[in-house]
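Structural overview
Next come the chains, spelled out residue by residue.
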Amino acid sequence: MSDGRVALVTGGCSGIGLAAAYELARGGLAVGILDRTVPDREGLIEALKALGAPSAHVVSGDLALIESHDELLDAIEAALGPVDVLVNNAGVPAKVRGDLLEMKPDSFDQVLGINLRGTFFLTQTVGRRMAARPRVEGHARCIVVVSSVSAVMASPERGEYCLSKSALPMLVKLFALRLAGHGVGVFEIRPGIIRTPMTAGVVARYDPLIEGGLVPAGRWGEPEDIARAVRLLVQNDLSFATGSVVAADGGLSIARL
């Protein structure tokens, strides 16, 4: 799967991002990680190499600080080489789940600043660099955006999160159109209810709902479920399907009678 390629995973130190980084390492890609919090940089680099990554690098940075994107990307590319695969995974939840009528502007700004604004401008920065490099036959380039079932299913108690995710399908379409001529595929993966640190606080709420049939597959999603979808897109078998969405939610978002 590698072809000497370099992947960058945002929010790659835990949850879905970490699982995706491990999956790409197993495929032989060099793996870069960008995350706000990096608890064990050297340990993570060694783990990625042990799984098969020829090289790995981890940088600390806040996706919301768009003026830092070039510097962060420079650090990744200085260590690994030009980025061929971008996995936009980083995201934050609403500060507080609660009444939509009581949502605070600071929570709205933080969530959209990372989940949408930060993701858009990092994609722009990476896409600009990809477009400036010539296409190489057999050296596939792609951008994968990890959104959420909340892109299409409303949760009024965390409206800012839903709004941030609902714009990502259009982001994917826009960049798919802009970068298709440069041989860059752009895709969306739309996870459902996934067992991650972000959902740890709502396990008691969702366990009985899942047991009651909320998720047709009858279980929580695991980070590895999403990582395998990332692998499918990155290995380039679906390059002509640029702009497509992979629903990785166990059937949760399928309309039912």
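Check the entry above for the structure.
Presented here is an overview of the structure given in this document. (Residues numbered from 1 in each chain as written. Predicted model: local features only at pLDDT ≥ 70, side-chain atom pairs only at ≥ 80, totals over all residues. Heavy atoms only, no water.)

**Some remarks on the pattern of salt bridges**
The line we're drawing: The term salt bridge refers to a side-chain nitrogen of Lys or Arg lying within 4 Å of a carboxyl oxygen of Asp or Glu. Per the convention used, a helix needs a DSSP run of H or I reaching at least four residues, while a strand needs a run of E reaching at least two, with both numbered from the N terminus. In this scheme, a residue with accessible area under 20% of its type's maximum is buried, one over 50% is exposed, and one in between is partly exposed, where area comes from a 1.4 Å probe on protein chains only.
For the structure shown, the criterion picks out 13 salt bridges. One salt bridge connects Asp-74 with Arg-129, and the closest N-O pair in it is separated by 2.9 Å. With Asp-74 in helix α3 (residues 69-80) and Arg-129 in helix α4 (residues 105-132), the pair connects residues that are 55 residues apart, well separated along the chain. A relative accessible area of 41% places Asp-74 in the partly exposed class. Put simply, Glu-157 and Arg-97 hold a salt bridge, and the shortest N to O gap is 3.5 Å. Residue Glu-157 is located in the loop between β5 (141-146) and α5 (159-166), and its partner Arg-97 is located in the loop between β4 (85-88) and α4; the two are separated by 60 residues in the primary sequence. Put simply, Asp-70, Asp-74, Glu-77 and Arg-129 are held in one network by salt bridges that share partners.

**Section: α3**
Note on helix geometry: an α-helix contains 3.6 residues per turn, so any two residues three or four positions apart are oriented the same way. What counts is decided by this rule: For a helix, the expected span equals 1.5 Å multiplied by the residue count minus one. Think of it as the arc spanned by the lines of direction from the helix axis to the C-beta atoms. Contacts: residue pairs with any heavy atoms within 4.5 Å of one another.
The terminal C-alpha atoms of α3 lie 16 Å apart, and with 12 residues this matches the ideal 16 Å at 1.5 Å per residue to within 8%. Considered for burial, the residues of α3 that qualify are His-69, Leu-72, Leu-73, Ile-76, Glu-77 and Leu-80. The buried residues of α3 occupy one face: seen down the axis, they fall within an arc of 130°. Of the exposed residues in α3, those oriented more than 90 degrees away from the buried face are Glu-71 and Ala-78. Along its buried surface, α3 packs onto β1 (6-10), β2 (30-35), β3 (56-60) and α4. Looking at the residues trailing α3, positive phi occurs at Gly-81, about 115°.

**Things to note about the packing of aromatic side chains**
Using the following cut-off: Stacked, edge-to-face and tilted are the three classes for Phe, Tyr and Trp ring pairs, Trp counted by its six-membered ring, which pair at centre distances within 6.5 Å; planes under 30 degrees apart are stacked, over 60 edge-to-face, the rest tilted.
The full count for this structure, using the stated rule, is 3 aromatic pairs. Between Phe-120 and Phe-121, the ring centres sit 4.9 Å apart and the planes meet at 80°, which makes this aromatic pair edge-to-face. Assessed through its relative accessible area of 28%, Phe-121 is described here as partly exposed. Note on Phe-120 and Phe-175: the rings are 5.3 Å apart at their centroids and 50° apart in plane angle, and the pair reads as tilted. Separated by 55 residues along the polypeptide, Phe-120 in helix α4 and Phe-175 in helix α6 (residues 168-179) bring together distant segments of the chain. By relative accessible area, which is 27% here, Phe-120 ends up partly exposed.

**Digging into the environment of Arg-135**
Relative to the assigned elements, Arg-135 resides in the loop between α4 and β5. Sequence separation of Arg-135 and Arg-117 is 18 residues, and the distance between their C-alpha atoms is 28 Å.

**Brief notes about the nonpolar core**
What counts here: Take the buried residues of types Ala, Val, Leu, Ile, Met, Phe, Trp, Tyr and Cys, join any two whose side-chain atoms come within 4.5 Å, and each joined set is a nonpolar core.
Of all hydrophobic cores here, the largest spans 33 residues; its most connected members are Leu-24, Val-31, Ile-33, Leu-48, Ile-189 and Val-234. Per-element tally for this core: the top contributor is helix α1 (residues 15-26), with 6 residues. Excluding residues within four positions of it along the chain, Leu-48 makes contact with Ala-21, Tyr-22, Ala-25, Val-31, Ile-33, Ala-53 and Ala-56. Within the second largest apolar cluster, 29 residues are counted, among which are Val-111, Ala-176, Leu-179 and Val-186.

**Section: the side chain of Asp-35**
Quick note on the threshold: Think of it this way: Lys and Arg go in the positive column, Asp and Glu in the negative one, and His and the chain ends go nowhere. Each polar contact in these results corresponds to two N or O atoms within 3.5 Å; when the atoms are within protein, one needs to be able to donate a hydrogen and the other to accept it, and residues that are neighboring in sequence are counted only if both atoms are side-chain atoms.
Note on placement: Asp-35 falls in strand β2. The buried charged residue Asp-35 lacks any salt bridge, with Arg-36 as its nearest oppositely charged partner at 5.8 Å. Within the structure, the side chain of Asp-35 is placed 3.3 Å from the backbone nitrogen of Gly-12, a separation counted as a polar contact. Within the structure, Asp-35 has its side chain in polar contact with the backbone nitrogen of Thr-37 (distance 3.4 Å). Those residues in contact with Asp-35 that lie beyond four places of it in its chain are Gly-11, Gly-12, Cys-13, Ser-14, Val-59, Ser-60 and Gly-61.

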